[in-house]
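Fold and geometry: a report
If you want the building blocks of each chain, they are given just below.
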Amino acid sequence: LKELVVRKGRLGVRRALELAIEIARALAFAHEHGLVHRDVKPQNVLLNGDGDAKVTDFGIARTLDVESGMTQTGTVLGSSSYIAPEQASGSPVDAKSDVYSLGVVLYELLAGEVPFPGESFVAVALKHVHEPAPSLRDVRGDVPPRVVAAIDRALAKDPDERFPTMGAFAGELEACLRELDTDTDATLLVPPRPPSTGRPDRSVWPVIITLVSLIAIGAIVAGLLKFRGDGTPAQANGRPIPLSGVTSYDPYGDNKTEHSDQVHLTTDHNPSTFWSTEQYRSFDKPGVGIVLDAGSPLVISSLRLRTDTPGYAAEIRAGNNLAGPFSPVSSSGTVAAVTTFELHVTEPMEYYVVWITKLAAGSDVAHVGEVTALGL
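These notes cover the structure that comes with them. (Residues numbered from 1 in each chain as written. Predicted model: local features only at pLDDT ≥ 70, side-chain atom pairs only at ≥ 80, totals over all residues. Heavy atoms only, no water.)

Bringing the packing of aromatic side chains into the picture now. All told, the structure shown has five aromatic pairs when counted by the stated rule. Consider the rings of Y249 and F326, whose centres lie 4.8 Å apart with planes at 90°: the pair is edge-to-face. Note that Y249 is positioned in strand 6 (residues 244–249) and F326 in the loop between strand 10 (313–319) and strand 11 (327–328), a separation of 77 residues in sequence. Note on F326: relative accessible area 8%, which makes it buried. (Phe/Tyr/Trp six-rings, centres within 6.5 Å; stacked < 30°, edge-to-face > 60°. Helix = DSSP H or I, 4+ residues; strand = E, 2+ residues; numbered from the N terminus. Buried < 20%, exposed > 50% of the residue type's maximum accessible area, 1.4 Å probe, protein only.)

Now the structure itself:
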């Protein structure tokens, strides 16, 4: 990958995102299996014949297991151009250190240069520790704001201000790529404006009449949407809130996790994918669920859930700490194939939990499919 950057300089936004997503998913897989890379850089990413990214060189990777030394301090390893601040200062490192390094890699793919150049290892490392990362928009103005925001978050000095997991970072980059596709399609559908002749254009009247008709139809539809098919109120207004599935939430489980590697599938805009609970002979604990990241503290007014295993009981909880605690912000109810939870959030929350409290009769698992949200 480094050779590609040297040869081509800046990559296109789409290509850079595609490569970063492949790298992120590979690193997320490593993290889920207890390894942190510690030396994420373009030189350690190989491109196969199809141009797909393969992460390699785990030579200084360490286990995330505390007893195996991940809490060791005072040892600085890695490449200074991509090193996380905590790693440069000899502090303990974890998966969020790889998030930072991948943020640097993506910055380089888009800018054609690393954010902190320098003449020596120490000089560059000190910049990572003390200097704020330069804004990518100052270097390249055509990068979408959401991509810039994702890189800025990954490059936060404080690990707690970065994406909580590599899977969450990958999910946000995938959302950026989808948004890029949507923006491109919208641009292609807008016809060029004809040159002005100084005379009224009679052709606009059919368009105006059509728009007025659509507005009238929209008002009727809005009135109908005030109620669901079962006669209960449903909120039909609000702006879409992009969510990222980040991790499972299993405080009552033996190992405190439950298929965390599947959680990103609940926000991948693919109706055929889902997160699944484990198979239970008997569901005898208060609950289990998944955590969704809104990106920043926000007031979400409603959350819609799809599933192919209807009949289980669930509610929505929320909080501002990834590890919890989370408080209920919706009523508990039986989940249908498509269920909208109306939320009662009194203050902005960043993390929202789909909390499953009971499995469907005769079922030993529960699936959470696509989850979408609306905000005030």
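What follows continues from the structure just given.
Right, let's talk about the sheet that holds strand 9 (residues 300–306) for a bit. Here we have four strands laid out as an open sheet, ordered 5-16-9-13, and antiparallel in their pairing. The open sheet has two edge strands with one neighbour each: strand 5 (239–241) and strand 13 (338–342). Across the sheet, the mean angle separating the axes of adjacent strands is 25° when strand polarity is ignored. (Pairing = 2+ DSSP bridges. Axes fitted to C-alpha atoms, helices over the stretch in contact; angles between N-to-C directions.)

Take helix 5 (residues 121–130) next. Here helix 5 has its buried residues at V124, A125 and H128. Summarising the axial view, the buried residues of helix 5 lie within an arc of 100°, below the 170-degree limit, and thus occupy one face. Along helix 5, the residues that are exposed and aim more than 90 degrees away from the buried face are V122 and H130. Packed against the buried residues of helix 5 are helix 3 (85–88) and helix 4 (95–111). (Arc of directions from axis to C-beta. Contact = heavy atoms within 4.5 Å.)

By size, the foremost hydrophobic cluster in this structure holds 56 residues, and its most contacted members are L110 and F169. Counting residues per element, the ones that place at least two in this core are helix 1 (2–8), helix 2 (13–32), helix 4, helix 7 (145–154), helix 8 (166–189), strand 6 and strand 14 (349–358). In this structure, L110 is in contact with R10, L11, G12, V13, A16, L136, R140, V143, V147 and I151, ignoring residues within four places of it in sequence. Grouped together as the second largest cluster of nonpolar side chains are 32 residues, Y280, L292, Y312 and M349 included. (Core = buried A, V, L, I, M, F, W, Y, C linked by side-chain atoms within 4.5 Å.)

This paragraph deals with the layout of surface pockets. Within this model, the largest pocket holds a volume of roughly 390 Å³. Lining of the largest pocket is provided by 20 residues; of these, H31, A95, P164, T165 and M166 occupy positions nearest its centre. Elements supplying a minimum of two residues to the lining of the largest pocket: helix 2, helix 4, helix 8 and strand 6. No other element matches helix 2, which puts four residues into the lining of the largest pocket. (1 Å grid on protein atoms, 1.4 Å probe; cavity = no way out; pocket = protein on both sides within 12 Å on 5 of 7 lines; lining within 4 Å. Points joined across faces, edges and corners; volume = space filled by probe spheres on them.)

All right, on to the environment of N44 then. Turning to its location among the elements, N44 is positioned in the loop between strand 1 (35–36) and strand 2 (45–47). Linking N44 and L1, residues 43 residues apart in sequence, is a C-alpha distance of 7.8 Å. Not counting residues up to four positions away in its chain, the partners in contact with N44 are H37, D39, K54, V55, T56 and D57.

Looking now at the side chain of E86. Looking at the secondary structure, you find E86 in helix 3. Under the relative-accessibility criterion, E86 is labelled buried at 9%.

Before going further, it helps to spend a moment on a nonpolar patch on the surface. A surface patch of nonpolar side chains, amounting to about 270 Å² of accessible area, comprises F121, V122 and L126. Structurally, F121 can be placed in helix 5. (Patch = residues over 30% accessible without salt bridge, like charges linked within 9 Å, V, L, I, M, F, W, Y side chains within 5 Å. Areas by Shrake-Rupley, 256 points an atom, 1.4 Å probe, with all protein chains shown as cover. Salt bridge = Lys/Arg side-chain N within 4 Å of Asp/Glu carboxyl O.)

Once that is clear, we can look at the environment of T340. Within the secondary structure, T340 is located in strand 13. Within polar-contact distance, the side chain of T340 engages the side chain of R304 at 3.1 Å. (Polar contact = N/O pair within 3.5 Å; in protein donor to acceptor, adjacent residues only side chain to side chain.)

At the junction of G324 and P325, the peptide bond is cis and its omega measures out at 5° in the coordinates. As for its placement among the helices and strands, P325 is situated in the loop between strand 10 and strand 11. Backbone geometry at R38 places phi at a positive 75°, although glycine is not the residue there. By the element assignment, R38 lies in the loop between strand 1 and strand 2. Even without being a glycine, H269 presents a positive backbone phi close to 60°.

Most of strand 8 (residues 288–298) is tucked away, with eight of its 11 residues classed as buried. Looking at chain direction, strand 6 and strand 8 are connected through five bridges and run antiparallel. Across the sheet, S248 pairs through a bridge with I290, a residue of strand 8. The pairing of strand 8 with strand 14 spans seven bridges and is classified as antiparallel. Note on strand 14: the bridge partner recorded for G289 is W355.

Right, let's talk about helix 2 for a bit. With 20 residues, helix 2 ought to run about 28 Å at 1.5 Å a step, and its terminal C-alpha atoms sit 28 Å apart, in line with that. Within the span of helix 2, buried status applies to V13, A16, L17, L19, A20, I21, I23, A24, L27, A28, A30 and H31. (Expected span 1.5 Å × (residues − 1).)

Worth remembering: the numbers are spatial, not functional.
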